[in-house]
Amino acid sequence: MYYIVFAIWYLFSLLPLWVHYLISDALYLFIYKIAGYRTAVVRKNLSSSFPNKSEEELRDIEHRFYHWFCDYMVETVKMFSMSEKQIKRRMRFEGIEQINNDLKKQRSITVYLGHYCNWEWVCSLGLHITEGTAAQLYHPLESKLFDRLFLYSRERFKAHSIEMKEAFKVLADWQKEGRYSVTGYISDQVPGFSSMHYWPWFLNHDTPTYTGAERIARILNTSVYYFDIERPRRGYYVVKVVKICDNTKELPKFAITEQYYRLLETSIIRHPEFWLWSHNRWKRTREQFIEYFPDETERKRILSKL
């Protein structure tokens, strides 16, 4: 079954990108206009994140979000067979010399990014670094078939995928071996209650967040960056490499996580249609967290953990 689906996906990906965008336009009509995929979640997220915007402004963002979301889906399929030359032309990295300089100094690097613009194409980072290993963390999919397909696609451009629960062990082992890495973390996801160590104020919400990226960065003493992605036109992205810090030990606890959310929020406010509004980001509240940990001492222990 894997090889059958692989062949179908590969053949479909060979279509020119302009044909994929025609398919995307058709998907937009079906997913948004007919099926109304997650429109209730999208509208709730947008209205609570931008309370000062008019209904007309919110609907405009909503329309543009679904157009981009359908583009993201076909672009992800297209990545299955894109050449190195093509993806380097369509996903550019500005300021990559900063990362290459840190790698030359034998520093591993932590990179924060969000579910913003095409995060899948960021897997091409390995084509732009001059030494070291490019890696990204991932959650295994429930379907082993599609998990295997996505791993194939994400590792085509010299990137290594690391399962999240194995991240620290793998990266620490690499560092002991003198193998320095650039590792990407998508940290704007909903954590489980026992992983709610910090709550930044993000897009007008009290927001629980993962802090694993900061914890690993501090233990391994990595340089820390944020990838600010822009989409100048359809099918083209520019990653602006923004340094957050050189020395994690100079910053107070959770300062790196806080700075990440400030930078991500700036990116989203600039072009809100490119963030994944269909994700139920704020489904777990602080009130639920308190109910889950009724003992105040236990809550403080969880919230202070890094």
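Please read these numbers as outputs of a predicted model, since none were measured by experiment.

Student: What am I meant to see in the overall build of the protein chain here?
Tutor: The secondary structure content of the protein chain amounts to 12 helices and nine strands. In terms of overall dimensions, the protein chain is globule-like: its C-alpha atoms have a radius of gyration of 20 Å, near the 19 Å expected for 306 residues. Dimensions of the protein chain, computed from the C-alpha atoms along their principal axes, are close to 55 × 50 × 40 Å. The buried share among the 306 residues of the protein chain stands at 53%. Here the analysis covers contacts within the protein chain between residues at least 6 apart in sequence; of these, 78% occur between residues at least 24 apart. Carbon and sulfur atoms provide 55% of the accessible area of the protein chain, an area that totals close to 14600 Å². Of the charged side chains in the protein chain, 44 are positive and 36 negative; the average position of the first set lies 4 Å away from that of the second.

Student: Is there a simple way to think about a nonpolar patch on the surface in this case?
Tutor: Taken together, Tyr10, Leu11, Leu14 and Tyr152 make up a surface patch of nonpolar side chains, about 370 Å² in accessible area. Its location among the elements puts leucine 11 in helix α1 (residues 2-13). Among the residues examined, leucine 11 registers a relative accessible area of 57% and is labelled exposed.

Student: How should empty space enclosed by the protein be read in this particular structure?
Tutor: Counted under the stated rule, the structure contains one cavity of 30 Å³ or more. In this structure, the largest cavity encloses a volume near 40 Å³. For the largest cavity, the full set of lining residues is Ser108, Ile109, Thr110, Leu171, Ser181, Thr183, Tyr185, Ile216, Leu220 and Thr222. The set of elements that each furnish at least two residues to the lining of the largest cavity consists of β2 (109-113), β5 (181-186) and α9 (212-220). When residues in the lining of the largest cavity are grouped by element, the largest group, three residues, is from β5. Along the lines of polarity and charge, the residues of the lining of the largest cavity split into five nonpolar, five polar and no charged.

Student: Any chance you could explain the packing of aromatic side chains here in plain terms?
Tutor: The relative placement of two aromatic rings is captured by the distance of their centres and the angle of their planes. Summed over the entire model, instances satisfying the criterion amount to 36 aromatic pairs. Measuring from ring centre to ring centre gives 6.0 Å for tyrosine 37 and phenylalanine 69, while their planes differ by 5°; the resulting arrangement is stacked. Of the two residues, tyrosine 37 sits in the loop between α2 (17-34) and α3 (39-49) while phenylalanine 69 sits in helix α4 (residues 55-78), which places them 32 residues apart along the sequence. Summarising the aromatic geometry, the rings of tryptophan 68 and phenylalanine 69 are spaced 6.5 Å apart at their centres and angled 55° between planes, so their arrangement reads as tilted. An identical accessibility class is assigned to tryptophan 68 and phenylalanine 69; each is buried. Aromatic rings pair up to connect Tyr2, Tyr3, Phe6, Trp9, Tyr10, Phe80, Phe146, Phe150 and Tyr152 into one cluster. In this arrangement the basic side chain of arginine 233 is found over the ring face of tyrosine 236, its NZ or CZ atom lying 4.0 Å from the centre. The ring of phenylalanine 193 carries the charged tip of arginine 284 above its face, separated from the ring centre by 5.5 Å.

Student: Which parts of the structure should I look at to understand the sheet that holds strand β1 (residues 91-94)?
Tutor: By way of backbone hydrogen bonds, the strands of a sheet pair with one another, either parallel or antiparallel. With mixed pairing, seven strands are arranged side by side in an open sheet as β1-β9-β8-β2-β5-β3-β4. The sheet is open, and its two edges are formed by β1 and β4 (159-163), each paired on a single side. With direction set aside, neighbouring strand axes in the sheet form an average angle of 30°. Alignment of strand β8 (residues 223-233) against strand β9 (residues 236-245), held across eight bridges, turns out to be antiparallel. Bridging from a neighbouring strand, phenylalanine 227 pairs with valine 241 of β9.

Student: Even after reading the chapter, I still don't get unusual backbone geometry, so can you show me in this structure?
Tutor: Most peptide bonds take the trans configuration, and most residues that are not glycine carry a negative phi. Positioned with a positive phi, arginine 38 is a non-glycine residue whose angle comes to about 55°. Along the chain, arginine 38 turns up in the loop between α2 and α3. Even without glycine at this site, cysteine 117 takes up a positive phi of about 55°. Note on cysteine 117: relative accessible area 0%, which makes it buried.

Student: What is the right way to look at the pairing of β4 in this model?
Tutor: For a regular strand, side chains alternate in direction, first toward one face of the sheet and then toward the other. Where strand β3 (residues 133-138) lies against β4, five bridges are found, and the strand directions are parallel. Bridge pairing in β4 links tyrosine 138 to glutamate 163. For the handedness criterion, the β-α-β arrangement of β3, helix α7 (residues 144-154) and β4 is classed as right-handed.

Student: Whenever I open this one, the packing of α3 against α4 confuses me. Can you help?
Tutor: The interhelical angle for the contact between α3 and α4, taken along N-to-C directions, is 130°, at an axis separation of 10 Å. Judged by the inter-axis angle, α3 sits oblique to α4. Judged by the twist between their axes, the crossing of α3 over α4 is right-handed. The segment α3 lies against α4, with Thr39, Val42, Arg43, Leu46 and Ser47 engaging Leu58, Arg59, Ile61, Glu62, Phe65 and Tyr66. Of the residues contributing to the contact of α3 with α4, the split by class is six nonpolar, two polar and three charged.

Cut-off values and rules
Residues numbered from 1 in each chain as written. Predicted model: local features only at pLDDT ≥ 70, side-chain atom pairs only at ≥ 80, totals over all residues. Heavy atoms only, no water. Helix = DSSP H or I, 4+ residues; strand = E, 2+ residues; numbered from the N terminus. Rg over C-alpha atoms; globule rule 2.2 N^0.38 Å. Buried < 20%, exposed > 50% of the residue type's maximum accessible area, 1.4 Å probe, protein only. Contact = heavy atoms within 4.5 Å. Areas by Shrake-Rupley, 256 points an atom, 1.4 Å probe, with all protein chains shown as cover. Lys, Arg positive; Asp, Glu negative; His and termini not counted. Charge placed at Lys NZ, Arg CZ, Asp CG, Glu CD. Patch = residues over 30% accessible without salt bridge, like charges linked within 9 Å, V, L, I, M, F, W, Y side chains within 5 Å. Salt bridge = Lys/Arg side-chain N within 4 Å of Asp/Glu carboxyl O. 1 Å grid on protein atoms, 1.4 Å probe; cavity = no way out; pocket = protein on both sides within 12 Å on 5 of 7 lines; lining within 4 Å. Points joined across faces, edges and corners; volume = space filled by probe spheres on them. Nonpolar A, V, L, I, M, F, W, Y, C, P; charged D, E, K, R; others polar. Phe/Tyr/Trp six-rings, centres within 6.5 Å; stacked < 30°, edge-to-face > 60°. Lys NZ or Arg CZ within 6 Å of the ring centre and 35° of its normal. Pairing = 2+ DSSP bridges. Axes fitted to C-alpha atoms, helices over the stretch in contact; angles between N-to-C directions. Right-handed = clockwise from strand over helix to strand, strands pointing away. Parallel < 35°, antiparallel > 145°, perpendicular 65-115°, else oblique. Left-handed = near helix turned anticlockwise from the far one by under 90°.

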